[in-house]
Structures are given as C-alpha cells and as structure tokens.
Amino acid sequence: MVRSVITGTGRYVPPRVVSNAELAGLMDTSDEWIRTRTGIIERRFADEGVSSSDLGLEAARRAIEDAGLQPSDMDLIIFATLSPDHHFPGSGCYLQAKLGVPPIGCLDVRNQCTGFLYSLSVADAFIRSGVYKNILVVGAEVHSSALDMTDRGRDIAVLFGDGAGAAVVSACKEDGRGIIHSELHADGRFARALYMDVWDISRKPFMGHESVDSGEIYPKMDGKTVFKHAVTNMIQLFQHTLEVTGTNPADIKYVIPHQANMRINQAIAERLGIPEEKFLHNIQRYANTTAASIPILLDETRRSGKIEKGDLILLIAFGSGFTWASTLLRW
Ligand code: UT7
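Within every chain, residues take consecutive numbers counted from 1 along the sequence as written. Local features are withheld for residues below a pLDDT of 70 in this predicted model, meaning they are given only at 70 or higher, and side-chain atom pairs are given and counted only at 80 or more; totals for whole chains, interfaces and linings count all residues. Hydrogen atoms and water are omitted, and side-chain values are computed over all heavy atoms in the structure.

## Quick notes on the overall build of the protein chain
Counting secondary structure elements, the protein chain contains eleven helices and 13 strands. Only the C-alpha atoms count toward the radius of gyration. The rule for a globule is 2.2 Å times the residue count to the power 0.38. Taken against the 2.2 N^0.38 rule, which gives 20 Å for 331 residues, the C-alpha radius of gyration of the protein chain at 19 Å falls within 12% of a compact globule. Taken along the three principal axes of its C-alpha coordinates, the protein chain extends 55 × 50 × 35 Å. Burial status across the protein chain gives 54% buried among its 331 residues. Accessibility throughout is a Shrake-Rupley quantity obtained with a 1.4 Å probe, and a residue counts as covered only by protein chains that appear here. Of the roughly 14200 Å² of accessible surface on the protein chain, a fraction of 52% belongs to carbon and sulfur atoms. Across the protein chain, 34 positive and 40 negative side-chain charges occur, with their mean positions spaced 3 Å apart. The numbering of helices and of strands both runs from the N terminus, where a helix is a DSSP run of H or I of at least 4 residues and a strand a run of E of at least 2. For every residue, the accessible area (1.4 Å probe, protein chains only) is compared with the maximum for its type, and the residue is labelled buried under 20%, exposed over 50%, or partly exposed between those bounds. His is not counted here, nor are the chain ends, while Lys and Arg score as positive and Asp and Glu score as negative. Taken as the charge location is NZ of Lys, CZ of Arg, CG of Asp or CD of Glu.

## Quick notes on the sheet that holds strand S1 (residues 3–12)
Spatially, the five strands line up as an open sheet ordered S1-S7-S6-S4-S5, and their pairing is mixed. The two strands at the open ends of the sheet, each matched to only one other strand, are S1 and strand S5 (105–109). With direction set aside, neighbouring strand axes in the sheet form an average angle of 20°. For two strands to count as paired, DSSP must find a minimum of two bridges between them. Of the pairings in the sheet, the one linking strand S4 (residues 76–80) to S5 comprises five bridges and is parallel in character. Across the sheet, residue phenylalanine 79 finds its bridge partner in S5, namely aspartate 108. By the convention used here, residues are in contact when the closest approach between their heavy atoms is within 4.5 Å. Interaxial angle, 0 to 180 degrees, is taken between N-to-C directions of lines fitted to C-alpha atoms, where a helix line uses only the stretch in contact. In the packing of helix H5 (residues 115–128) onto the sheet, contacts are made with S1, S4, S5, strand S6 (134–141) and strand S7 (163–172), and the angle to S6 comes to roughly 170°. The sheet strands contacting helix H11 (residues 293–303) are S1 and S7, and the helix crosses S1 at an angle near 95°.

## A look at the site of the ligand
When at least one non-hydrogen atom of a residue lies within 4 Å of a molecule or strand, that residue is treated as near it. Residues in contact with the ligand amount to 21 residues; listed here are only the nearest, Thr29, Arg37, Cys113, Lys224 and Asn261. Counted as a polar contact is a pair of N or O atoms within 3.5 Å, where, for protein atoms, one must be capable of donating a hydrogen and the other of accepting one, and residues adjacent in sequence contribute only when both atoms are in side chains. A distance of 2.7 Å is found between an oxygen atom of the ligand and a side-chain nitrogen or oxygen belonging to lysine 224. Between the ligand and histidine 258 there is a distance of 3.0 Å, counted from an oxygen atom to a side-chain nitrogen or oxygen. Calculation on the ligand without its partners gives an accessible area of 950 Å², and the protein chains cover 72% of this total. When residues in the shell around the ligand are grouped by element, the largest group, four residues, is from helix H8 (residues 223–245). Across the shell around the ligand, the residue classes break down as ten nonpolar, six polar and five charged. An automatic or database domain assignment is the source of the domain bounds shown. A domain-level breakdown of the shell around the ligand finds at least three residues from each of domain 1 (3–172) and domain 2 (178–330). Throughout, the ten residues Ala, Val, Leu, Ile, Met, Phe, Trp, Tyr, Cys and Pro are labelled nonpolar, Asp, Glu, Lys and Arg are labelled charged, and all others, Gly among them, are labelled polar.

## As for the sheet that holds strand S8 (residues 178–186)
Across the sheet, which stays open at both edges, the four strands sit in the order S8-S13-S12-S11 with mixed pairing between neighbours. Pairing within the sheet leaves two strands with one partner each, and these edge strands are S8 and strand S11 (254–257). The mean inter-strand angle of the sheet, taken between neighbouring strand axes irrespective of direction, is 15°. Pairing analysis gives eight bridges linking S8 to strand S13 (residues 323–330), with the strands arranged antiparallel. Across the sheet, residue isoleucine 179 finds its bridge partner in S13, namely leucine 329. Its contacts with the sheet put H5 on S8, strand S12 (312–319) and S13, and the angle it makes with S8 is roughly 130°.

## Overview of the domain arrangement of the protein chain
Domain annotation for the protein chain reports domain 1 (3–172) and domain 2 (178–330). When the buried surface of domain 1 facing domain 2 is broken down by residue, Arg11, Cys113 and Leu117 rank first, second and third, together holding 16% of it. Here a salt bridge means any side-chain nitrogen of Lys or Arg lying within 4 Å of a carboxyl oxygen belonging to Asp or Glu. Where domain 1 meets domain 2, there are three salt bridges. A salt bridge links glutamate 300 to arginine 11, with the shortest nitrogen-to-oxygen separation between them at 3.8 Å. Remark: the boundary between domain 1 and domain 2 carries 23 residue pairs in polar contact (both at pLDDT 80 or more). The element that contributes the greatest number of residues to the side of domain 1 that touches domain 2 is S1, accounting for seven residues. The class makeup of the residues in the side of domain 1 that touches domain 2 is 20 nonpolar, 17 polar and 15 charged. Once two parts are joined, some of their accessible surface, as seen by a 1.4 Å probe, is lost; buried area is that loss totalled over both.

## Focus: the packing of helix H3 (residues 52–66) against helix H4 (residues 91–99)
It is the contact of H3 with H4, at a shortest axis distance of 9 Å, that shows an interaxial angle of 55°. Judged by the inter-axis angle, H3 sits oblique to H4. When you trace H3 past H4, the crossing you get is right-handed. Residues Ser53, Asp54, Gly56, Leu57, Ala60, Arg61 and Ile64 of H3 lie in contact with H4, whose contacting residues are Ser91, Tyr94, Leu95, Lys98 and Leu99. Roughly parallel refers to an angle under 35 degrees, roughly antiparallel to one over 145, roughly perpendicular to one between 65 and 115, and oblique to any angle outside these ranges. Each crossing gets its hand from how the near helix is turned against the far one by less than a right angle, where anticlockwise is left-handed and clockwise is right-handed.

Quick look at the structure:
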C-alpha cells in the first residue's frame, strides 16, 4: 500500500529579530505582559519588499535538498498562507516561478493556523491515490506588514511573527511509515472571532482610503473566545485522533502543536497529562507564524536529531475560521 512520508523538511525566518522591548517602544505594552500572557520573547520581521513566497522559497529549497531531490522532481506545490503575496494569483504560482518548475500544478490553501495540516491532508490524498509521487507543502507568512503597531492594535501586534516552513511529502511503500490519520474540522459560525475586514468584496469598490484610516486593514480578534475554543477543541481532537487510530498516548514521541500561545499548549498538555518535554515549543523565538509554525517546529526538532525513523508524531492546530486539524504520522 502506498503511504505518504515526509522525506524532507526546511525552514527559513528573516534575519531581523524584534524583541518585546522594541514593540514596547512603539505601543503601550511591556516585555512582562507579553511573556507572561503568551511566552513570546521575540519574533522575526521581514524587510520591506519581502513576500511570503520569498520566505517560502528558502524553506522549500532546504526541504527539497533535505529530501535528496531536485525542484524538478516536485509534481505539485501546495502553499498555505493567510498573508498571500497578492489577492491573486496564489502564492504557490509565485513560488513555482521562483523555484523554476513550471508547469506543475499550484494550489493555495487559505486556512490560517491549520493551513499546513489541511495542506498535508490534501497531499496525502493525492499521494495515496497514486496521482503524484512528490509534493512540496509550504507554510509561509509575512504578518509584519499587516499589524497595527499602535496602541489600538497591541492585543494582536505582539502575537505574530514572519517565517516559513516546508515539507516534501513523497510516496513510500515501506510498511508502517507515513501519515496514518488526518482529521479536519471547522466552525464558520466563529469566523469573526479572528478575521480581517479587508477586503470586503461585497462593497463597491471593495476598499477605499477609509479602510486604512478605520483600521480595517488589520486583523481583529476576540482573544478570550479564541483561547477557550482552542483549548477545548484541541483536547477533544487529540483524544479523538488517538481513539480512532487505537493509539496509546504514551506511544507518541512528540506532539508538535501550532504555536499561538504557550499558555494554550500548556493548558492542553496539563489536561491530557502529557509531559511538557513531549509537547514542543518555539514560540519564545518566533511568536505565532500561523501556517508556518508547525513546519518550522518540525524542521527544528528533526534537525536537532530528536526525531528518529519509526517515531510516532502528532501535529495539531487550531485557529481562525474557526478551523482545527490533526495529523498522526510515523516517521
Ligand atoms: O493562532 C490563533 C490565534 N490567536 C490565539 O490563539 C490567541 C488566543 N488568545 C490569547 O492568547 C489571549 O487572549 C491574549 C494573549 C491575546 C490576551 O490575553 P488575555 O488574558 O485574554 O488578555 P485580555 O485580552 O483580557 O486583556 C487583558 C488586559 C486588557 O486591559 P484591561 O481591560 O484589563 O485594562 C487589555 O487591554 O490587557 C490589555 N492588553 C495589553 N496590555 C499590554 C491587551 N493587549 C495588551 C498588550 N500589552 N499587548
């Protein structure tokens, strides 16, 4: 039976480090507030002129090299982002041109914090059905251009950072390895608990000068609602994923969760009785990089030598939509 195996991973974050203290110079916040509420110490911001596909390109090159393949070996690109280069076309098309691999198919997935896991599930379906052999899955975000760096935007601006992660998903016939189970969920009734007003295509024209002045160009969030639903839904999803796959929690080597808030993940780990060292974090250094957070953390963990062939890994995420998703895989 053909299974989907991650054969390479890569990450890239822009070089500019932005500390909590630097943000405190721009808005009414403090290092202490940010650290204690979220665990974040610093994040990376891309320079002017750098787009999500630029960050994705670097991560993709590293993942393809790690897989021992060439860009020309890729059969499809799936690009997850909530900060696409442009309204259209999708960032996957820009990345494809930069990688020099026309005319392979490109698919953008606009699923925010679960974008990478939704993308993995699509890649898995294509691979298992025999359509493709190697699929490049990228999660990349440039949030820094769309954050309100004033007191008005402080509840959101301190939470996000820029970065990219990528994985090559390949067909494999080795018994027992690969993606075992993917689970996707959404509840659109909560779409406006974390969203961006611009652009509103029902308006004619869909945006104007007032969109900038009123702050519509920045994301809005009901933080407490997001926090509560993130904890509840990820606990249920974790338990369901284990139940349907007949997995014992003790057999999971690492949980690689989306990095939205260290307190969310700590609350989940505690409620599930998972030791903290198995529930991985890097939000301290990158903040929330949305679709990029899981592939960045996966790549860091792998390259530090912690993941070995045969390890059982659970990827899990919750975010805007609301959407939530999990992927159980054997490395
Ligand atoms: O990828 C998914 C995306 N997002 C999330 O998962 C976020 C989920 N939510 C959260 O992580 C938390 O709700 C936050 C970290 C965003 C906020 O924590 P909170 O404990 O829910 O704080 P709050 O919104 O209730 O605000 C508490 C106080 C308020 O002041 P008052 O009304 O008590 O005087 C805020 O105005 O903190 C104030 N505040 C800030 N103070 C300093 C809000 N943002 C800031 C800030 N610095 N950056």
